[in-house]
Amino acid sequence: MTDSAAEQPVLTVLQITDVHLRRQPGGSLLGVDTDASVSAVLDQALARQVPDAVLVTGDVAHDSHPEVYQRFWKLLTDRFQGPALVLAGNHDVTRRMGSLAERRELHLPGWVVLAMDSHEDDQPGGSVDAAEFASLQNACKKFRDCHVLLATHHPPIEVGCPWLDKDRITNGAELLEWLSEHSTARAMVFGHAHQVVESSYRDIILLGTPSTCIQFAPGTQSFSVDDQKPGYRWLYLDHEGGVTTSVERVDDYPLTVDMSQFQQELTN
Ligand SMILES: [Fe+2]
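A few points on the structure. (Residues numbered from 1 in each chain as written. Predicted model: local features only at pLDDT ≥ 70, side-chain atom pairs only at ≥ 80, totals over all residues. Heavy atoms only, no water.)

### What to know about the state of the cysteines
This is how it is decided: In this description, the term disulfide denotes a pair of cysteine sulfurs within 2.5 Å. Per-residue accessibility, obtained with a 1.4 Å probe over protein chains only, is compared with the maximum for each type, and a residue is labelled buried under 20%, exposed over 50%, and partly exposed between these values.
For the coordinates displayed, the defined rule picks out 0 disulfides. A disulfide-free cysteine, Cys-140 has its sulfur positioned 11 Å from the sulfur of Cys-146, the nearest such atom. Accessibility expressed as a relative area gives 0% for Cys-140, which makes it buried. Cys-161 forms no disulfide, and the closest cysteine sulfur to it belongs to Cys-213, at a distance of 16 Å. By relative accessible area, which is 0% here, Cys-161 ends up buried.

### Let's talk about the packing of aromatic side chains
A ring pair, where both rings are aromatic, is described by two values, the distance of the centres and the angle of the planes. What counts here: Working definition: rings of Phe, Tyr and Trp (its six-membered ring) pair if their centres are within 6.5 Å, and the pair is stacked with planes under 30 degrees apart, edge-to-face with planes over 60 apart, and tilted otherwise. In this text, helices come from DSSP runs of H or I with a minimum length of four residues, and strands from runs of E with a minimum of two, each type numbered from the N-terminal end.
For the coordinates displayed, the defined rule picks out 5 aromatic pairs. Taking 5.0 Å as the distance between ring centres and 65° as the angle between the ring planes, the aromatic pair formed by Trp-163 and Phe-216 counts as edge-to-face. Note that Trp-163 is positioned in helix α5 (residues 162–165) and Phe-216 in strand β12 (residues 215–216), a separation of 53 residues in sequence. For the pair Trp-163 and Phe-216, a shared accessibility class is recorded, and that class is buried. Linked through ring pairs, Trp-163, Phe-216 and Phe-223 together constitute an aromatic cluster.

### Details of the packing of helix α2 (residues 34–48) against helix α3 (residues 66–77)
Using the following cut-off: Angles here are taken between N-to-C directions and fall from 0 to 180 degrees, while the axes themselves are lines fitted to C-alpha atoms, restricted in helices to the stretch in contact. Roughly parallel covers angles under 35 degrees, roughly antiparallel covers those over 145, roughly perpendicular covers 65 to 115, and oblique covers all other angles. Working rule for handedness: look at the near helix, and if it is turned counterclockwise from the far one by less than a right angle, call the crossing left-handed; if clockwise, right-handed. Working rule for contacts: check all heavy atoms of both residues, and any pair within 4.5 Å makes them a contact.
With their axes 10 Å apart at the nearest point, α2 and α3 run at an angle of 25° to one another. When the axis of α2 is compared with that of α3, the two are roughly parallel. For the element pair α2 and α3, the recorded crossing hand is right-handed. Contacts from Asp-35, Val-38, Ser-39 and Leu-42 of α2 reach α3 at Arg-71, Leu-75 and Leu-76.

Written out as structure tokens, the structure is:
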């Protein structure tokens with residue numbers, strides 16, 4: 001590292017994901033009040049550090065209505081006024097997100113964060129269509145003097161749960177191969193799996209992050225919720241393109257999962 005590089009501060013980015021806000025404030029998902037759990041996540045995280053940016057990697061809403069996105073934006077901006085990038089997940093409907101989904105890139109010193117839209121309205125599965133892939137390729141070429149952090153909703157790889165893996169990004173392997181060959185992508189963060197995922201494809205670090213509400217049990221064959229607490233991820237981006245990361249949970253959050261709501265809650 002050169003002297004000037006050593007003087008560059010490490011950037012701090014907070015990732016939250018899979019917020020699943022209901023239409024009514026205080027509504028619950030499997031018995032968990034998702035307004036309260038995301039509030040607890042943001043309160044704990046932002047009391048510990050003020051990040052340079054916040055990434056929200058989809059499933060902002062469980063019931064997609066414009067007022068839900070407005071409520072989420074107030075929850076976030078009451079606590080953090082810096083740059084934020086918000087992506088759509090499979091429970092979101094882009095046209096109902098208003099200006100929230102318009103931002104596609106976020107610039108930080110030496111880095112650019114690119115949104116990669118893997119969702120299709122009203123479909124659970126992930127894919128990056130030809131137009132999105134072309135736009136990603138253009139952005140990667142345009143920002144080749146920067147380190148790139150990619151943010152998306154669906155995992156681009158299998159996470160070890162067949163019931164989730166069927167909905168991973170269908171062309172994830174092709175995307176990762178292109179990125180590893182032709183871009184300065186250093187890491188890709190995603191949600192959807194509601195659990196910690198830490199993997200890599202060649203030199204690209206692949207990171208999945210716990211939900212701000214309920215968690216899915218790793219290594220399971222069919223839908224399974226576990227009792228892990230709401231969580232979030234810190235990303236530390238250095239001037240040389242290095243990425244270090246940690247996941248934290250709200251350990252004292254009073255989580256009580258009510259599986260009797262399962263049939264009515266997770267029908268889509
Ligand atoms: Fe989700």
